[in-house]
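Fold and contact review
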Amino acid sequence: TLSMKRRQGLYVGSKARFGYMKDPKNKNKLIVDEEAAAIVRQVFQWTIDGMGNTMIARKLNEMRFPAPAEYRKLKKAGKKAVSDKNGWYPIAINRMLRSDIYIGVLTQGKTTTPNYKVKKIIHKAPEEMDRIEHALEPIISEEDFYLVQRILERDVRSAPGEEYVYPLCGFLYCGDCGGSMIRHVCYKNGKAYYY
């Protein structure tokens, strides 16, 4: 029954992904949660502007916007979405940026079990998952989503104490070994040398 519902584009998960919420009229349908969706859009924009995952997580913690699990609890209790807990981590930001649910793709059935009696979890291959395009209202444009995916492939991070990534970071490679070129600083006689 769950598999049939997934193939029909109905949502069968217990919790909605951050940025969405379950429709009060239909528990198998996700609708945009505007308050959380604004944060998702901001995270994507900061990434496009050159900010790294660690800096984004730090900025969200400074804004005191609750992390997804905390946000869900506050929303359920009917409280304002402000938190004193530091719950945003770079891994959560990375997971958000890589999730195609934000362009309206509903992917379900990522795991299964041999049968209902056995608790062993089996991770399915991507081609075996139930994937429905345009099943949800998108929060992010496809253009911005795929731009962020290209940025993430560069494998960059902002330098210590810096908010943004250097413009050439992830683009320069050694002609001999093919390794990524990294900016270094050497201090000699009180003077900084960059190479």
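Further up the page is the structure itself.
Within each chain, residues carry numbers counting from 1 in the order of the written sequence. Given that the model is predicted, a residue must reach a pLDDT of at least 70 before its local features are reported, and side-chain atom pairs must reach 80 or more before they are shown or counted; all residues, however, enter totals for whole chains, interfaces and linings. The side-chain values count all of the structure's non-hydrogen atoms but skip hydrogen atoms and water molecules.

1. A short note on the nonpolar core
In this structure, F18, Y20, F44, W88 and Y102 are the most contacted members of the largest nonpolar core, which totals 36 residues. Starting at the N terminus, helices and strands are each numbered in turn, a helix being any DSSP run of H or I of at least four residues and a strand any DSSP run of E of at least two. Elements supplying a minimum of two residues to this core: strand 2 (26–32), helix 2 (34–48), helix 3 (53–62), helix 5 (90–98) and helix 6 (142–153). Top contributing element to this core by residue count: helix 2, with 7 residues. Any pair of residues with heavy atoms lying within 4.5 Å of one another is described as a contacting pair. Every residue in contact with W88, bar those within four places of it in the chain, is listed here: F18, I39, A57, L60, N61, F65, P66, A67, P68, I93 and M96. Note on terminology: a nonpolar core comprises buried Ala, Val, Leu, Ile, Met, Phe, Trp, Tyr and Cys residues joined through side-chain atoms within 4.5 Å. Exposure classes here rest on a 1.4 Å probe applied to the protein chains alone. A residue is buried below 20% of its type maximum, exposed above 50%, and partly exposed in between.

2. Thoughts on a nonpolar patch on the surface
Taken together, the side chains of L168, F171, L172 and M181 make up a nonpolar region of the molecular surface, amounting to roughly 430 Å² of accessible area. If you trace the backbone, L172 turns up in the loop between helix 6 and strand 7 (185–188). Patches draw on residues past 30% relative accessible area with no salt bridge. Two like charges within 9 Å are joined, as are two nonpolar side chains (Val, Leu, Ile, Met, Phe, Trp, Tyr) within 5 Å. For the area figures, the Shrake-Rupley method with a 1.4 Å probe applies, and any residue is considered shielded solely by the protein chains shown. Just to be clear on terms, a salt bridge is a Lys or Arg side-chain nitrogen sitting within 4 Å of an Asp or Glu carboxyl oxygen.

3. Let's talk about the environment of H134
Within the element layout of this structure, H134 appears in the loop between strand 6 (130–132) and helix 6. Residue classification places H134 among the exposed positions, given a relative accessible area of 62%. Along the primary structure H134 and Y89 are separated by 45 residues, whereas in three dimensions their C-alpha atoms are 29 Å apart. In this structure, H134 is in contact with G104 and E142, ignoring residues within four places of it in sequence.

4. Some words on the pairing of strand 1 (residues 20–23)
Strand pairing requires that DSSP identify at least two bridges connecting the strands. Relative to strand 2, strand 1 runs antiparallel, the two being bridged by 4 bridges. Of the residues in strand 2, the one forming a bridge with K22 is L30.

5. Digging into helix 4 (residues 68–77)
Of the positions making up helix 4, those classed as buried are E70, Y71 and L74. Buried residues of helix 4, viewed axially, fall in a sector of 100°; they line one side. Seen from the buried face of helix 4, the exposed residues on the opposite side, beyond 90 degrees, are K73 and K76. Buried residues along helix 4 sit in contact with helix 2. Relevant arc is that of directions from the helix axis to the C-beta atoms, nothing else.

6. Side note on the side chain of T47
Inspection of the secondary structure assignment puts T47 in helix 2. Judged by its relative accessible area of 3%, T47 is buried. Those residues within four positions of T47 in sequence are excluded, and the remaining contacts are I56, L97, V148 and I151.

7. Digging into helix 5
Quick reminder: α-helices carry 3.6 residues per turn. Residues three or four places apart thus point the same way. Of the positions making up helix 5, those classed as buried are I93, M96 and L97. Along the long axis of helix 5, the arc covered by the buried residues comes to 95°, so they all point the same way. Exposed and facing more than 90 degrees away from the buried side of helix 5 are I91 and R95. Those residues of helix 5 that are buried lie in contact with helix 2, helix 3 and helix 6.

8. Some details on the packing of aromatic side chains
Two aromatic rings are characterised by how far apart their centres lie and by the angle between their planes. Ring pairs are drawn from Phe, Tyr and Trp, using the six-membered ring of Trp, whenever the two centres fall within 6.5 Å, and their geometry is named by plane angle: stacked under 30 degrees, edge-to-face over 60, tilted for the rest. Enumeration over the complete set of coordinates arrives at 8 aromatic pairs. Seen from their ring centres, F18 and F65 are 6.3 Å apart, and the 75° between their planes marks the pair as edge-to-face. Here F18 is found in the loop between helix 1 (2–7) and strand 1, whereas its partner F65 is found in the loop between helix 3 and helix 4, with 47 residues between them in sequence. Aromatic pair Y20 and Y102: ring centres 6.3 Å apart, planes at 15°, arrangement stacked. Here Y102 lies in the loop between helix 5 and strand 3 (106–108) and Y20 lies in strand 1, a separation of 82 residues in the sequence. A residue is classified by how much of its surface remains accessible, and Y102, at 1% relative accessible area, is buried. Feature note: the residues Y20, F44, Y102, F145 and Y146 constitute an aromatic cluster, connected by ring pairs.

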